[in-house]
Amino acid sequence: MNANKRIIVPLDVSDEESAIALINKLEQVTFFKVGLELFTSTGPKILDLLKSRQKRIFLDLKFHDIPNTVAGACRSAARYGVDLLTIHATSGTDALKAASSALQEEAAKVGVNPPKLIAITLLTSISSRQLAFDLKIPLELPEYALAMALMAQETGLDGAVCSPQEVAQLRQTCKDDFLLVCPGVRPTWADKGDQKRSLTPKQAIASGADYLVIGRPITAAADPQLAWQRTCEELITVSG
Ligand SMILES: O=C(O)c1cc(=O)[nH]c(=O)n1[C@@H]1O[C@H](COP(=O)(O)O)[C@@H](O)[C@H]1O
């Protein structure tokens with residue numbers, strides 16, 4: 001896959017106008033993420049706009065609820081015809097199974113391809129200290145992320161979201177076609193911000209990530225187009 005097709009740019013802005021401005025500046029980007037901030041503001045309108053421009057869509061709503069509720073949310077999301085959708089692994093196996101079945105059934109009913117359903121293993125903003133002291137989870141961080149990914153795989157999900165620092169271990173253990181999506185990726189020249197477990201794009205791909213989510217280094221740059229190009233150039237040598 002071309003380097004630029006592996007990068008997903010999140011439209012983490014508060015309204016449609018700002019999202020359109022970013023999409024226009026980033027003409028070469030083929031895959032965008034619509035997350036909680038933008039979707040809460042615009043609703044599905046933004047998905048139609050992206051589709052009209054032939055963009056791929058990662059709808060990152062991070063569902064986390066009881067089985068009946070996530071199944072209903074997945075039925076609604078299935079109708080949008082997006083490419084990727086997220087749910088927290090900590091929703092539990094019953095909810096993961098209910099979500100996955102609901103997506104398949106509803107997509108077949110309305111005649112669209114179901115999105116790949118991917119599980120959040122552990123948010124990339126959580127440190128090992130926070131995992132132990134705030135969340136009270138008595139496992140090493142990589143061990144916990146792997147357990148969540150394997151649980152997602154066993155319940156029939158299509159992949160997982162993990163930090164680049166855990167991706168090599170997940171790649172080794174999970175099936176080859178289990179999609180691994182890594183946010184918290186920072187080009188060599190970018191600030192880390194609130195991302196606690198980051199690697200560079202090149203390191204993340206070399207470690208086995210299928211897709212990288214790279215936001216602020218590109219979207220908050222003075223020249224987003226130039227930042228996008230520099231990011232792609234960093235990747236070319238490993239995945240060109
Ligand atoms: O699901 C995600 O995309 C996600 C999961 C996670 O564990 N960490 C994480 O940062 N993200 C998203 O990835 C993007 C990262 O943005 P930047 O930190 O600006 O590159 C944001 O849209 C986050 O919502």
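Each value, and the rule that gives it
- Residues numbered from 1 in each chain as written.
- Predicted model: local features only at pLDDT ≥ 70, side-chain atom pairs only at ≥ 80, totals over all residues.
- Heavy atoms only, no water.
- UniProt positions renumbered as here; feature names shortened; annotations may be inferred.
- Helix = DSSP H or I, 4+ residues; strand = E, 2+ residues; numbered from the N terminus.
- Contact = heavy atoms within 4.5 Å.
- Polar contact = N/O pair within 3.5 Å; in protein donor to acceptor, adjacent residues only side chain to side chain.
- Buried < 20%, exposed > 50% of the residue type's maximum accessible area, 1.4 Å probe, protein only.
- Pairing = 2+ DSSP bridges.
- Right-handed = clockwise from strand over helix to strand, strands pointing away.
- Axes fitted to C-alpha atoms, helices over the stretch in contact; angles between N-to-C directions.
- Parallel < 35°, antiparallel > 145°, perpendicular 65-115°, else oblique.
- Left-handed = near helix turned anticlockwise from the far one by under 90°.
- Nonpolar A, V, L, I, M, F, W, Y, C, P; charged D, E, K, R; others polar.
- Salt bridge = Lys/Arg side-chain N within 4 Å of Asp/Glu carboxyl O.

A. Expanded view of the UniProt feature "domain: Orotidine 5'-phosphate decarboxylase" (unreviewed entry) in the protein chain. When the UniProt feature table is mapped onto this chain numbering, "domain: Orotidine 5'-phosphate decarboxylase" (unreviewed entry) sits at residues 6-231. Annotated as residues 6-231, this span is 46% helix and 16% strand, and its ends, taken at the C-alpha atoms, are 11 Å apart.

B. Spotlight on the UniProt feature "active site" (unreviewed entry) in the protein chain. The sites that UniProt annotates as "active site" (unreviewed entry) are Asp60, Lys62 and Asp65. Looking at the element boundaries, Asp60 is found in strand β3 (residues 56-63). Leaving out residues up to four positions away in the same chain, Asp60 has contacts with Lys33, Val34, Gly35, Leu36 and Thr86. Note that Lys62 resides in strand β3. Once residues lying within four places of it in the same chain are set aside, the contact partners of Lys62 are Lys33, Thr86, Ile87, His88, Ile120 and Leu123. Polar contacts involving the side chain of Lys62 include one to the side chain of Asp60, which spans 2.7 Å.

C. Region of the structure containing the pairing of strand β5 (residues 116-120). Along β5, four of the five residues are buried, which leaves the element largely enclosed by surrounding structure. Strand direction decides the pairing type here: strand β4 (residues 84-88) and β5, joined by five bridges, are parallel. Bridged to Leu85 within β5 is Leu117. Running through helix α5 (residues 93-110), the crossover from β4 to the neighbouring parallel element β5 is right-handed. By the bridge criterion, three bridges tie β5 to strand β6 (residues 159-161) in an arrangement that is parallel. Counterpart to Ile120 in the pairing with β6 is Val161.

D. Here's a closer look at the packing of helix α7 (residues 141-154) against helix α8 (residues 164-173). Interhelical geometry of α7 versus α8 gives an angle of 40° and a closest axis separation of 10 Å. What the angle tells us is that α7 and α8 run oblique. α7 and α8 meet at a crossing whose hand is right-handed. The residues of α8 that touch α7, namely those facing Leu141, Pro142, Ala145, Leu146, Ala149 and Leu150, are Glu166, Gln169, Leu170 and Thr173. For the contact of α7 with α8, the per-class residue count stands at seven nonpolar, two polar and one charged.

E. Main features of the sheet that holds strand β1 (residues 7-10). With parallel pairing, the eight strands of this closed barrel are ordered in space as β1-β2-β3-β4-β5-β6-β7-β8. Sheet twist, expressed as the average angle between the axes of neighbouring strands with direction ignored, equals 25°. Helix-sheet contacts for α5 involve β4 and β5, and the interaxial angle to β4 is about 160°.

F. Local environment of the pattern of salt bridges. Applying the stated criterion across every chain yields a total of eight salt bridges. Residues Glu16 and Lys45 are paired through a salt bridge, measuring 3.1 Å at the closest nitrogen-oxygen approach. Residue Glu16 is located in helix α1 (residues 16-25), and its partner Lys45 is located in helix α3 (residues 45-52); the two are separated by 29 residues in the primary sequence. Taking the relative accessible area as the measure of exposure, Glu16 reaches 23% and is therefore partly exposed. Measuring nitrogen to oxygen at the nearest pair gives 3.9 Å for the salt bridge that ties Glu106 to Lys109.

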